[in-house]
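Each chain, letter by letter, is given below.
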Amino acid sequence: MLNITSLREQYQQRYGIHPRLIVRAPGRVNLIGDHTDYNDGFVFPVAIDRATYVAARPRHDTTIRVVAADLGDEDAFTVDVTERSSGHPWSNYVRGVVRALRIAGHPLSGADLLIASDVPRGAGLSSSAALEVATGYTFQMLNRLNILGEELALLAQGAENSFVGVQCGIMDQLISVFGRADHALLIDCRDLSYRPVPLPPSVAVVVCDSHVERALVGSAYNQRRQECEEAVRLLRRWYPKILALRDVSDEQFAVHQADLPEPVRARARHVIGENSRTVHGAAALEAGDVAAFGRLMNESHASLRDDYQVSVPEMDILVATAQQLDGCYGSRLTGAGFGGCTVSLVDVSTVQRFSNDLRQAYQAATGRDATVYVCRASDGVGRAEDDGHE
Ligand code: GLA
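First, a word on what this report is: a plain description of the structure on this page.

Of all hydrophobic cores here, the largest spans 46 residues; its most connected members are Leu-101, Leu-113, Phe-139 and Val-381. Counting residues per element, this core draws most heavily on helix H3 (residues 127–142), at 6 residues. Beyond its immediate chain neighbours, meaning those up to four positions away, Phe-139 contacts Ile-64, Val-98, Leu-101, Leu-108, Ser-109, Ala-111, Leu-113 and Leu-145. Within the second largest apolar cluster, 42 residues are counted, among which are Val-212, Val-264, Cys-328 and Phe-354.

Okay, here's the thing in structure tokens:
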């Protein structure tokens, strides 16, 4: 965990006074259910024990000053901000959330902020959602706004969609808000309801960063979204009531899949299969059947690789290696894909050896170093535990 005392000291050094508040919002790893959220489907993520922290004090004017401690950079704007910053791209997440809060009609006063994070950036662990949610919650607290968790997640997503320009779904922001220690959440991305499922204490969630840079992820991601919309448009010919791929059952798809052109057919097959894997997976885990859950993770990876085509060779190597190692129940790429991280469920008694063997095999096969994080499922956004100062 990031050192709160040092965060407080950095704040004091920069602004000459202690922060009034420190907010923490976690990154996430998704156990199963990828590329389903923007199809109104199901996801099954955990909030991880790596987070973005915002230290803050309110101001009496409309100025917002914000320091990115990890980058040694700083930006300033006002609560009425409408412009993106090209000089401080990281600041657009903060600007976007401020703008989204104002558009939603929330009155804001200025603030002095300092941000630090131990969520690896650009690795697919939702560092951006953590920053958006931490920022939104900070302004909520400073201005005593009455905002429900769902609204906070939607505002954060809206900031990313319209201000940052990535057409992401709602998963990352929702889990950063609602995450629960030692649980994964089965989230229905249509009505945003969720069910916490306890993670068995005998298994560890192991995240492995391939360090393959996620190039083109924005454009390829948006293209996948369009292909799913095309699938819905075509399937409406036979099923006029469907609103999203979520509404198509395995049986309905089997009847008409041959009528769809490629790659739309393969994309739809992934989404429809992944939705049912996610629902069944959550039920299996709830029933204590980790082995069944692991098999579904493996199937999910094959589907993301072959039908959705969002894997890269390095991730396939990591996943195939992990699946062979002792104590591993299942392994798959996680998040958007095109590089980034894999997730494996591993028996706690073998986790150390698993991590070492995975790193070594990856290095031997690709010449690259991987970083392994054994994650604990943590709580969603809130005030950071602090050391008693106010
Ligand atoms: C990214 C997006 C999410 C989700 C995943 C894929 O993380 O931000 O909304 O679509 O990709 O499951």
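Relative to the helices and strands, Ser-344 resides in strand E11 (residues 341–347). Within the local environment of Ser-344, its side chain forms a polar contact with the side chain of Ser-331, the two groups lying 2.9 Å apart. The contacts of Ser-344, once residues within four sequence positions are left out, are Ala-204, Val-205, Val-206, Met-297, Ala-322, Cys-328, Gly-330, Ser-331 and Phe-354.

Before going further, it helps to spend a moment on the sheet that holds E11. Spatial ordering of the open sheet is given by E10-E11-E9-E12, a layout of 4 strands whose pairing is antiparallel. Looking along the sheet, the strands with just one partner apiece sit at the ends: strand E10 (328–333) and strand E12 (371–375). The mean inter-strand angle of the sheet, taken between neighbouring strand axes irrespective of direction, is 20°. Sheet topology places strand E9 (residues 203–209) next to E11; 7 bridges connect them, and they run antiparallel. Counted as the bridge partner of Val-207 is Val-343 from E11. Contacting E9, E10 and E11, helix H9 (residues 290–306) runs over the sheet at an angle of about 25° to E10.

About the criteria used
Residues numbered from 1 in each chain as written. Predicted model: local features only at pLDDT ≥ 70, side-chain atom pairs only at ≥ 80, totals over all residues. Heavy atoms only, no water. Core = buried A, V, L, I, M, F, W, Y, C linked by side-chain atoms within 4.5 Å. Buried < 20%, exposed > 50% of the residue type's maximum accessible area, 1.4 Å probe, protein only. Helix = DSSP H or I, 4+ residues; strand = E, 2+ residues; numbered from the N terminus. Contact = heavy atoms within 4.5 Å. Polar contact = N/O pair within 3.5 Å; in protein donor to acceptor, adjacent residues only side chain to side chain. Pairing = 2+ DSSP bridges. Axes fitted to C-alpha atoms, helices over the stretch in contact; angles between N-to-C directions.

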